[in-house]
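# What the coordinates show
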Amino acid sequence: MDNMRILKRLEGSSEGRYVLYWMQASQRVHWNHALAYAIERANVLGKPLLVYFGLTGGYPEANIRHYTFMLEGLVESSKALKGLGIGWILRLASPEEGIVDLLEDACELVMDTGYMRIQRQWRDRVVGHIALTRAMPVYQVEADVVVPVERVSQKEEYSARTIRPKILGKMGDYIRPVVVEAPQVPFDLELELRGQGPVKVRQLINQLDLDTSVEPVEAYRGGTRQALKHLNDFLDHKLAHYSLRNHPEFDYMSNLSPYLHFGQIAPAFILHEVYAHLEAHPEKSEAADDFLEELVVRRELAINFVYFNHKYDVFEHMTYGWAYETMAVHIHDQRQYIYTREELESAKTHDPYWNASMTQMKETGKMHTYMRMYWCKKIMEWSQDYKTAYETALYLNNKYFLDGRDPCSYTGIAWCFGKHDRAWKERPVFGKLRYMNSNGLRRKFNMAPYVARFTPK
């Protein structure tokens, strides 16, 4: 399997009772490369397969909105796994701790890949534990990118321009269908495994000590079936109009980002379906190229950023020298408006467009893509300094967006501070950073319908 890395390979461990798949980032059965490989290994060894998920209530900046969406997906995945004769266990524990005793009876470990700092730390600790305690093959599979990160590049890429040819040159090798079938040996072992029961969203929510200040949203429900509905709706009704995706008065976005964030749909599957759709609708090819630029090139550029820049969320390390220089020059520029974090969070600014975008975020857990850029640029303009603006944007982003705390989120905010961008004409406050203003919105778009939909109550 081309998207697999062997992290540790010591022979002599086939006497274990099962192959263990640690599902954490790829929270699905459908088109799950890591799960498919775990099934393959179980069949080779003649063993059953057990899938483990570690549920911690302490994921940084996550709240009941995020957990509800995630658990809705895990309900679906746990049922699908059991239907295939695969064992399932969810434990209320930090993932790297809840797995420890399960490793004792495992003959091999397969795990998916996470790119954020905490996700990588979890996996490093488990591999380190195995190295100290026993001989066991450990495999890590990348199931949530199209092209594995290190197959694309061995360094942090400067921009979409530099990473694009590296991805496009390899992309065709990674969209082969992924078939997940029942293992040859069903999981019917009588193991004393606390937490083997089905996923019950409300019950688990009540057991976790969660931030309840941000309510779950009705607009988006979690799970692969919901993701597939959004994908099919996008292909049938929106893709042809994707050139108008930046218009806030329309909704021609795919709305797949929350599902990608929680690993409830595979980007390679989306790519595969787009290509299949184009066979019947070749007139949509130009729009499809624009969509695939966002899905593959831009998204995997974001993952490249957090993977190779370990301080991706630190103001002093997230962008380029020229951007810091221009901010230093303009740090004392007069700001016409300065708002506190509380005023911004309450959508109480002079700008009806910005207030509408903030309201959309709070009510739906998403925001129109173009307004997401405008939203962040205005925070930079209306804060007392650039670092305060950066930290405020991250705080609001991670608190309200379903796809917050994500490589694309950190990259999108860094982009507003020059990351993956170039220097522009110098202006007050913005310096050489890209400028956006309300006049531009009015000139390009019909903003009235957008404001009407999301006027703060």
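Above this text is the structure in question.
Everything in this summary refers to the structure shown in the same document. (Residues numbered from 1 in each chain as written. Predicted model: local features only at pLDDT ≥ 70, side-chain atom pairs only at ≥ 80, totals over all residues. Heavy atoms only, no water.)

### So, the overall build of the chain
Of the regular secondary structure elements, the chain holds 20 helices and six strands. Compactness check: the chain gives a C-alpha radius of gyration of 23 Å against a globular reference of 23 Å for 457 residues, within 12% of the reference. Each of the three principal axes of the chain carries a C-alpha extent, and together these read 70 × 50 × 40 Å. When contacts within the chain are restricted to residue pairs at least 6 apart in sequence, long-range pairs at least 24 apart make up 80% of them. A total accessible area of about 19200 Å² is found for the chain, and carbon and sulfur atoms account for 49% of it. The centroid of the 57 positive side-chain charges in the chain is displaced by 3 Å from the centroid of its 58 negative side-chain charges. (Helix = DSSP H or I, 4+ residues; strand = E, 2+ residues; numbered from the N terminus. Rg over C-alpha atoms; globule rule 2.2 N^0.38 Å. Contact = heavy atoms within 4.5 Å. Areas by Shrake-Rupley, 256 points an atom, 1.4 Å probe, with all protein chains shown as cover. Lys, Arg positive; Asp, Glu negative; His and termini not counted. Charge placed at Lys NZ, Arg CZ, Asp CG, Glu CD.)

### A closer look at the packing of aromatic side chains
Inspection of the entire model under this criterion finds 25 aromatic pairs. An angle of 65 degrees between the planes, with centres 5.7 Å apart, marks the rings of Trp354 and Trp382 as edge-to-face. A residue pair is termed long-range when its members are at least 10 positions apart, and Trp354 in helix α15 (residues 352–364) and Trp382 in the loop between α16 (369–381) and α17 (386–400) qualify at 28 residues. An identical accessibility class is assigned to Trp354 and Trp382; each is buried. Following the ring pairs from residue to residue traces out a cluster consisting of Phe315, Tyr324, Tyr390 and Phe417. Across the ring face of Phe401, the terminal group of Arg372 is positioned such that the distance to the ring centre comes to 3.6 Å. In this structure, Arg422 is placed above the aromatic ring of Trp424, and the distance from its NZ or CZ to the ring centre is 3.8 Å. (Phe/Tyr/Trp six-rings, centres within 6.5 Å; stacked < 30°, edge-to-face > 60°. Buried < 20%, exposed > 50% of the residue type's maximum accessible area, 1.4 Å probe, protein only. Lys NZ or Arg CZ within 6 Å of the ring centre and 35° of its normal.)

### Section: the layout of surface pockets
Its boundaries defined by the atoms lining it, the largest pocket holds a volume of some 1500 Å³. Taken together, 50 residues form the lining of the largest pocket, with Glu294, Arg298, Thr369, Met373 and Gly412 sitting closest to its centre. Elements represented by at least two residues in the lining of the largest pocket include exactly α10 (257–261), α12 (285–308), α16, α18 (407–416) and α19 (438–444). Split into classes, the residues belonging to the lining of the largest pocket amount to 23 nonpolar, 13 polar and 14 charged. (1 Å grid on protein atoms, 1.4 Å probe; cavity = no way out; pocket = protein on both sides within 12 Å on 5 of 7 lines; lining within 4 Å. Points joined across faces, edges and corners; volume = space filled by probe spheres on them. Nonpolar A, V, L, I, M, F, W, Y, C, P; charged D, E, K, R; others polar.)

### Some points on the nonpolar core
Among the nonpolar cores identified, the biggest contains 155 residues, and Leu20, Leu35, Leu49, Leu109, Trp375 and Phe417 are the most heavily contacted of them. At twelve residues, α12 tops the list of elements feeding residues into this core. For Leu35, the contacting residues outside a window of four places in its chain are Tyr21, Arg28, Val29, Leu49, Val51, Leu81, Ile86 and Val180. (Core = buried A, V, L, I, M, F, W, Y, C linked by side-chain atoms within 4.5 Å.)

### Quick look at the environment of Arg341
Following the sequence through the fold, Arg341 ends up in helix α14 (residues 341–345). Between the C-alpha atom of Arg341 and that of Thr392, which follows or precedes it by 51 residues, the distance is 6.4 Å. Beyond its immediate chain neighbours, meaning those up to four positions away, Arg341 contacts Glu391, Thr392 and Tyr395.

### Some remarks on α17
For α17, spanning 15 residues, the distance from its first C-alpha to its last is 21 Å, which sits close to the expected 21 Å at 1.5 Å a residue. With eleven of its 15 residues buried, α17 lies for the most part within the structure. Residues of α17 that are buried: Tyr386, Ala389, Tyr390, Thr392, Ala393, Leu394, Leu396, Asn397, Asn398, Lys399 and Tyr400. Contact partners of the buried residues in α17: α2 (64–83), α13 (321–330), α14, α15, α16 and α18. (Expected span 1.5 Å × (residues − 1).)

### Brief notes about unusual backbone geometry
The residue Trp31 is not glycine, and still its phi comes out positive at about 50 degrees. Tracing the chain through its elements places Trp31 in the loop between β2 (18–22) and α1 (33–45). Trp31 gets classed as buried once you look at its relative accessible area, which sits at 8%.

### Comments concerning empty space enclosed by the protein
Rolled over the atoms, a probe as big as a water molecule pinpoints where empty space is left. One pass over the structure, following the stated rule, counts three cavities of 30 Å³ or more. Quantified by volume, the largest cavity comes out at close to 470 Å³. In terms of lining, the largest cavity is formed by 31 residues, of which the most central are Ala25, Gln27, Tyr59, Gln119 and His261. Grouping the amino acids of the lining of the largest cavity by side-chain chemistry returns 16 nonpolar, ten polar and five charged.

### Brief notes about the pattern of salt bridges
Summed over all chains, the structure comprises 19 salt bridges. A salt bridge links Asp251 to Lys238; its shortest N-O distance comes to 3.5 Å. Taken together, the residues Asp251 in the loop between α9 (224–238) and α10 and Lys238 in helix α9 connect sequence positions 13 residues apart. The class for Lys238 is buried, based on a relative accessible area of 10%. Within this structure, Arg164, Glu293 and Arg298 form a network of salt bridges that share partners. (Salt bridge = Lys/Arg side-chain N within 4 Å of Asp/Glu carboxyl O.)

### Looking at the packing of α12 against α18
Contact geometry of α12 with α18 gives a least axis separation of 8 Å together with a crossing angle of 90 degrees. Taken together, the axis directions place α12 and α18 in an arrangement best described as roughly perpendicular. Seen from α12, the contacting residues are Arg299, Ala302, Ile303, Phe305 and Val306; seen from α18, they are Pro407, Cys408, Tyr410, Thr411 and Ala414. For the contact of α12 with α18, the class distribution of residues is eight nonpolar, one polar and one charged. (Axes fitted to C-alpha atoms, helices over the stretch in contact; angles between N-to-C directions. Parallel < 35°, antiparallel > 145°, perpendicular 65-115°, else oblique.)

### Focus on the pairing of β2
Most of β2 sits inside the fold, with five of its five residues counted as buried. By the alternation rule, side chains of β2 split into Tyr18, Leu20 and Trp22 and Val19 and Tyr21, which are all buried. Two strands pair when backbone bridges link them, and β2 and strand β3 (residues 49–54) are joined in this way by four bridges, in the parallel orientation. By the bridge assignment for β3, Val19 is matched with Leu49. Crossover β2 to β3 through α1 is right-handed. (Pairing = 2+ DSSP bridges. Right-handed = clockwise from strand over helix to strand, strands pointing away.)

### A closer look at the environment of Tyr337
In this structure, Tyr337 sits in the loop between α13 and α14. A relative accessible area of 30% places Tyr337 in the partly exposed class. The spatial distance from the C-alpha of Tyr337 to the C-alpha of Asn232 is 43 Å, given a sequence separation of 105 residues. Residue contacts for Tyr337: discarding those within four places in its chain leaves His350, Glu381 and Trp382.

Take it as geometry only, folks, not as evidence of what the structure does.
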